[in-house]
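Architecture at a glance
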Amino acid sequence: MNASNSTKTMPPAQSVDSGMWTREEARALHDAPFNNLLFVAQTVHRKNFDPNKVQLSRLLSIKTGGCPEDCGYCSQSAHHETGLKASKLMEVRRVIAEATKARDAGAARYCMGAAWRNPKARDMDAVVAMVEGVKALGMETCMTLGMLDLEQTAQLKQAGLDYYNHNIDTSERYYSEIISTRSFADRLETLELVRQSGIKVCSGGIVGMGEEPADRIDMLVTLANLPEHPQSVPINMLIPIPGTPLAEARPIEPIEFVRVIALARIMMPKSHVAGRTAMTDEMQALCFFAGANSIFVGDTLLTADNPGEDKDSLLFRRLGIEPMELEAQ
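This write-up is about the structure you can find in this document. Given the structure is predicted, the values throughout are model-derived calculations rather than measurements.

Digging into the pairing of strand E7 (residues 232–237)
Burial within E7 is extensive, with 6 of its 6 residues counted as buried. Burial along E7 is two-sided: Ser-232, Pro-234 and Asn-236 and Val-233, Ile-235 and Met-237, pointing in opposite directions, are all buried. Of the strand pairs in this sheet, strand E6 (residues 205–207) and E7 are connected by 3 bridges, and their pairing is parallel. Residue pairing in the sheet places Val-207 in a bridge with Met-237 of E7. A crossover connection joins E6 to the parallel E7 through helix H10 (residues 213–224); in handedness this β-α-β unit is right-handed. Two strands pair when backbone bridges link them, and E7 and strand E8 (residues 272–274) are joined in this way by 3 bridges, in the parallel orientation. Across the sheet, the residue bridging to Ser-232 is His-272, located in E8.

With respect to the packing of helix H6 (residues 124–135) against helix H7 (residues 150–159)
For the pair H6 and H7, the least separation of the axes is 9 Å and the interaxial angle reads 30 degrees. The angle between the axes of H6 and H7 places the two elements in the roughly parallel class. Note that H6 runs across H7; the crossing there is right-handed. Residues Met-124, Val-127, Val-128, Val-131 and Glu-132 of H6 form the contact with H7, whose participating residues are Gln-152, Gln-155, Leu-156 and Ala-159. In terms of residue class, the contact of H6 with H7 is made up of 6 nonpolar, 2 polar and 1 charged.

A closer look at the pairing of strand E2 (residues 109–114)
In terms of residue burial, E2 counts as a mostly covered element, since 6 of its 6 residues are buried. A two-sided burial pattern is seen for E2, the buried positions comprising Arg-109, Cys-111 and Gly-113 on one face and Tyr-110, Met-112 and Ala-114 on the other. Across 6 bridges, strand E1 (residues 53–63) lies against E2 in parallel orientation. Its bridge partner being in E2, Arg-58 is matched across the sheet by Tyr-110. In the classification by handedness, the crossover that spans E1, the intervening helix H5 (residues 92–104) and the parallel E2 is right-handed. Where E2 meets strand E3 (residues 140–144), 5 bridges bridge the pair, whose relative direction is parallel. Bridge pairing in E3 places Tyr-110 opposite Thr-141.

Here we look at the side chain of Ser-232
Along the chain, Ser-232 turns up in strand E7. Of note is the side chain of Ser-232, whose polar atom sits 3.2 Å from the side chain of Arg-109. When neighbours within four sequence positions are excluded, Ser-232 is seen to be in contact with Arg-109, Tyr-163, Val-201, Cys-202, Ser-203 and His-272.

Considerations on the side chain of Thr-170
Position of Thr-170 among the secondary structure elements: in the loop between strand E4 (163–165) and helix H8 (172–178). Those residues in contact with Thr-170 that lie beyond four places of it in its chain are Tyr-175, Ile-178, Phe-184, Met-209, Glu-211, Asp-215 and Met-219.

A word on the nonpolar core
Membership of the largest hydrophobic core comes to 90 residues, with the highest contact counts inside it found for Ile-62, Tyr-73, Met-143, Leu-156, Leu-220 and Phe-257. Of the residues forming this core, the biggest block, 9 residues, is contributed by helix H11 (residues 254–267).

With respect to the packing of aromatic side chains
All told, the structure shown has 2 aromatic pairs when counted by the stated rule. With 6.1 Å between their ring centres and 75 degrees between their planes, Phe-288 and Phe-316 make a pair best called edge-to-face. Linking Phe-288 in helix H12 (residues 281–289) with Phe-316 in helix H13 (residues 309–319), this pair joins segments that are 28 residues apart in sequence. Residue Phe-288 shares its accessibility class with Phe-316, and that shared class is buried. A cation over an aromatic ring shows up here: Arg-109 above the ring of Tyr-163, its NZ or CZ 3.7 Å from the ring centre.

Conventions adopted
Residues numbered from 1 in each chain as written. Predicted model: local features only at pLDDT ≥ 70, side-chain atom pairs only at ≥ 80, totals over all residues. Heavy atoms only, no water. Buried < 20%, exposed > 50% of the residue type's maximum accessible area, 1.4 Å probe, protein only. Helix = DSSP H or I, 4+ residues; strand = E, 2+ residues; numbered from the N terminus. Pairing = 2+ DSSP bridges. Right-handed = clockwise from strand over helix to strand, strands pointing away. Axes fitted to C-alpha atoms, helices over the stretch in contact; angles between N-to-C directions. Parallel < 35°, antiparallel > 145°, perpendicular 65-115°, else oblique. Left-handed = near helix turned anticlockwise from the far one by under 90°. Contact = heavy atoms within 4.5 Å. Nonpolar A, V, L, I, M, F, W, Y, C, P; charged D, E, K, R; others polar. Polar contact = N/O pair within 3.5 Å; in protein donor to acceptor, adjacent residues only side chain to side chain. Core = buried A, V, L, I, M, F, W, Y, C linked by side-chain atoms within 4.5 Å. Phe/Tyr/Trp six-rings, centres within 6.5 Å; stacked < 30°, edge-to-face > 60°. Lys NZ or Arg CZ within 6 Å of the ring centre and 35° of its normal.

Read these as spatial facts, not as claims about activity.
So this is what it looks like as structure tokens:
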């Protein structure tokens, strides 16, 4: 293959650095020969990050189950018979104790999630105390609490929250196939409130929910065309949960998943691209090469199993990858 043939299917160089992305530009990248796509993704990655450093984040469910939303992938929805019992909001001191263990194990960011449509006023004092307590440990803080209003966003900003996670999940076209209790526009409204408050945005989606490749591309186009790129972009493969509408969803092919990671890296070059679920070591290595540089560590992702830290440490040693160091807060 000569040089002209090896690059002829790639989009013009200027589109890689463009401020606004079209579906056609994103599709051309996504559908490029796999080696070409990964070459561009790794080139972009090296311009913006140390390619051998990965951010470690720990995720804790601070309030589990009983959520009134009907997200088709979620074990915590009250609409689904998954056998998961609803719990009350965790005590602040227990959250801080868990965060301390995560920090001592090398996690740089601590993410706290509550199964709510939106937080109630009575819960905000405890949530604020959690943010302040984890922040005092020297960690980056992240919360996912559902939709927010202006006052709640201001409270979280005042507490020192670094990131707010609110995934758009999929494309606008496919969104109503997954969730009916809130709209795609609701998601974008919360993201805009978070952005305007000065809190960093963490927003991505889930693939393997029965969507078309075009939906994955459109999801990334939506994120890349926000007023600012999300500072963190989690891309996750669906973990099928028995009792949910997506329990029998056909999984995405590994190569197709890596394409999504690479496309996210190219379209949002300065964002941390994160993702986690059960993968072979070879697939995880490909994701790192495609530009993933943030993973969730620990035994669970909210309520689903996650590879343990011993396995992560072993893979890191094999690949010559080191955890990103904690930054001064």
